[in-house]
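# Descriptive structure summary
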Amino acid sequence: VVAIPDVLGEDEKDAERALLEKGFRVSKEYAYDNEVEKGKVISQTPGANVKKTKGTRVTIVISEGPETEKVSEDFIGMLPEDVKDALIELGFAEENILIKEVYNSNQEAGKVFDIKIADSEESIVGTKQPLNAVFEVYVSLGEDPNNQETEDTENTEDSTGSESDTETNGSTDSTENTGSETES
């Protein structure tokens, strides 16, 4: 009679090795888990420290990481509320879908032109993402009335653009820049 080792949180191979070394047979199952890193043991049956005879089968469940779904290329050009509904239908959490309205002359006003993971610069359109991801859905306000293309704005809630010309980040002042002071 031998106590079953505690393999929770262990890598799959390490857990299997620890159980085999104690004389147990190992069965493996796989499951998605938003909390436990891919490849780590989520659970074991019988549990740790239970005394069993050598040869007893111990089942370990290995994390496949968070469940993922593809963020479709078809979302580009759609209305933001339709994209949000589609993401929710795929299993993404409503509270994790943030709408950002910014100027973009390449997409009709009111239509989605990109989707990114929050606080990331990389587009995730066409990729698989974990269901617990936080998205920023970028919606075009149309062409910037000051002809200053921006990727982000402080005024994401106001779609009128009435305050957007106050945020230039000091990079361009279109009313005074004549081009004569440009350095190479």
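Notes on the structure in this doc start here.

Here is what the cut-offs are and how they apply
Residues numbered from 1 in each chain as written. Predicted model: local features only at pLDDT ≥ 70, side-chain atom pairs only at ≥ 80, totals over all residues. Heavy atoms only, no water. Salt bridge = Lys/Arg side-chain N within 4 Å of Asp/Glu carboxyl O. Helix = DSSP H or I, 4+ residues; strand = E, 2+ residues; numbered from the N terminus. Buried < 20%, exposed > 50% of the residue type's maximum accessible area, 1.4 Å probe, protein only. Pairing = 2+ DSSP bridges. Axes fitted to C-alpha atoms, helices over the stretch in contact; angles between N-to-C directions. Contact = heavy atoms within 4.5 Å. Polar contact = N/O pair within 3.5 Å; in protein donor to acceptor, adjacent residues only side chain to side chain.

What the rule picks out here adds up to seven salt bridges. Arg 17 is the salt-bridge partner of Asp 14, the closest N and O atoms lying 3.1 Å from each other. Highlighted residues: Asp 14 and Arg 17, both in helix 1 (residues 12-21), separated by three residues, approximately one helical turn. Here Lys 100 makes a salt bridge to Glu 136, at a shortest N to O gap of 4.0 Å. One end of the pair, Lys 100, is in strand 7 (residues 97-102); the other, Glu 136, is in strand 10 (residues 135-140), and 36 residues separate them in sequence. You'll find Lys 100 and Glu 136 in the same group, each marked buried. It is possible to trace a salt-bridge network through shared partners that takes in Glu 12, Glu 16 and Lys 28.

The next subject is the sheet that holds strand 3 (residues 41-45). The mixed open sheet is built from three strands, whose spatial order is 2-5-3. On the outer flanks of this sheet lie strand 2 (25-31) and strand 3, each paired with one strand and no other. Here the strands of the sheet are splayed against their neighbours by 20 degrees on average, with no regard to which way each runs. Sheet contacts for helix 1: strand 2, strand 3 and strand 5 (57-63); angle to strand 2, the most-contacted strand, approximately 155 degrees.

Another point: the pairing of strand 10. For strand 10, the tally of buried residues reaches six of six residues, placing the bulk of the element in the interior. Across the two faces of strand 10 the burial is the same, with Phe 135, Val 137 and Val 139 and Glu 136, Tyr 138 and Ser 140 all buried. Examined bridge by bridge, strand 7 and strand 10 share six bridges and lie parallel to one another. Bridging from a neighbouring strand, Lys 100 pairs with Tyr 138 of strand 10. Bridge count between strand 8 (residues 112-117) and strand 10: five bridges; the pairing is antiparallel. Across the sheet, residue Ile 115 finds its bridge partner in strand 10, namely Val 137.

The next thing to look at is the environment of Ser 123. Inspection of the secondary structure assignment puts Ser 123 in the loop between strand 8 and strand 9 (128-130). Between the alpha carbons of Ser 123 and Glu 136 there is a distance of 9.8 Å; along the sequence they are 13 residues apart. Those residues in contact with Ser 123 that sit more than four places away from it in its chain are Asp 114, Ile 115 and Lys 116. Only 2.6 Å separates the side chain of Ser 123 from the side chain of Asp 114, close enough to count as a polar contact.

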